[in-house]
Structures are given as C-alpha cells and as structure tokens.
Amino acid sequence: MRNFRNFNVWKEGIRIVKEVYRVSEFLPNIEKYGLKSQICRSAISIPSNIAEGCSRNSEVDFKRFLEIALGSSFELETQFLIIRELDLFPEEELNTLLNLLDKEQRMLNSFIEKIKANG
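1. Points about the pattern of salt bridges
One side chain can pair with another of opposite charge once the charged atoms of both are near each other.
Stage number 1. By the definition in use, this model includes 11 salt bridges.
Stage number 2. With a closest N to O distance of 3.1 Å, Glu-91 and Arg-84 form a salt bridge.
Stage number 3. Arg-84 sits in the partly exposed class, given a relative accessible area of 26%.
Stage number 4. In this structure, Glu-113 engages Lys-116 in a salt bridge whose closest nitrogen and oxygen atoms are separated by 3.3 Å. Placement of the pair is Glu-113 and Lys-116 together in helix α4 (residues 91–118), with a separation of three residues, close to one helical turn.
Stage number 5. Lys-116 gets classed as partly exposed once you look at its relative accessible area, which sits at 45%.

2. With respect to the nonpolar core
One broad trend across soluble globular proteins is that nonpolar side chains are buried collectively.
Stage number 1. Counting 32 residues, the largest nonpolar core has Leu-76 and Phe-80 as its most contacted members.
Stage number 2. Every element with two or more residues in this core is listed here: α1 (8–24), α2 (35–54), α3 (59–85) and α4.
Stage number 3. Excluding residues that lie within four positions of it along the chain, Phe-80 makes contacts with Val-20, Leu-94, Leu-97, Leu-98 and Leu-101.

3. Topic: the packing of aromatic side chains
Stage number 1. For the structure on display, the rule yields five aromatic pairs.
Stage number 2. Geometrically, the ring pair formed by Phe-7 and Phe-62 is tilted, given 6.3 Å between the ring centres and 40 degrees between the ring planes. Of this pair, Phe-7 sits in the segment before α1 while Phe-62 sits in helix α3; the two residues are 55 residues apart in sequence, bridging distant segments of the chain.
Stage number 3. Ring plane angle 65 degrees and centroid distance 5.8 Å describe the contact between Phe-26 and Phe-89, whose orientation is recorded as edge-to-face. Taken together, the positions of Phe-26 in the loop between α1 and α2 and Phe-89 in the loop between α3 and α4 put the pair 63 residues apart, joining distant regions of the chain.
Stage number 4. A cation over a ring is seen here: Arg-2 above Phe-62, with NZ or CZ 4.0 Å from the ring centre.

The rules we used
Residues numbered from 1 in each chain as written. Predicted model: local features only at pLDDT ≥ 70, side-chain atom pairs only at ≥ 80, totals over all residues. Heavy atoms only, no water. Salt bridge = Lys/Arg side-chain N within 4 Å of Asp/Glu carboxyl O. Buried < 20%, exposed > 50% of the residue type's maximum accessible area, 1.4 Å probe, protein only. Helix = DSSP H or I, 4+ residues; strand = E, 2+ residues; numbered from the N terminus. Core = buried A, V, L, I, M, F, W, Y, C linked by side-chain atoms within 4.5 Å. Contact = heavy atoms within 4.5 Å. Phe/Tyr/Trp six-rings, centres within 6.5 Å; stacked < 30°, edge-to-face > 60°. Lys NZ or Arg CZ within 6 Å of the ring centre and 35° of its normal.

What follows is the structure in structure tokens.
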C-alpha cells in the first residue's frame, strides 16, 4: 500500500483545496449552492481520489483514481473560467490559481503516463 502523504501531487492537491476555500469566501452568497459549493467539491475530489487510489493494490486501479482526480481538476478549471467570465474574483489572483491547477494537471498526467509505461 502506498502512503499518499508522501506524494507531491497529493500535497499540491491539498494546497489547491486551501486556495479554493479562500476563493469561495469571496463569492456572493447567491452562489452558496452553486459555484461556491461546486468549486469546493471539485477541489476536494482531487487529493481525495489520489489518496483513495493509493489504497488500491493494482496499478490499474491506482491509475483509474488518478484519472478521476485529473477529471476533477478539469472540472475545477472550468468553474474557475466561469468565475472569470462572471467577473466574480480578481483576474490576477484567478490566474495564480489556474497556474497552480495547471501544475497539478501536469503532475497527474506525468504520474498516469509513468504507470502506463510500467504496466
């Protein structure tokens, strides 16, 4: 069994969750059950799926959970782009978050490709 706490990709996922919760505090109350809730769920899903994948015994299952985490990161990216289009958060700060997310996506892709190559 793998220790998810040792993976940088998981640590970056936790960092993203913290930033997303900070962003969610600035969204209007009308978004409490909309974007605010959705960005938090998408963000939490990233490190959660990495951790769950670490509990799996097969590389195929582990890779599948990494792919789910990657999908959640793309959902979150889409939600950030919607926030940008609606002008709900400062552009410069949103770009910083998008860069963090891009880094996470590249790390996940690299990890998935490494597993594919070894499988």
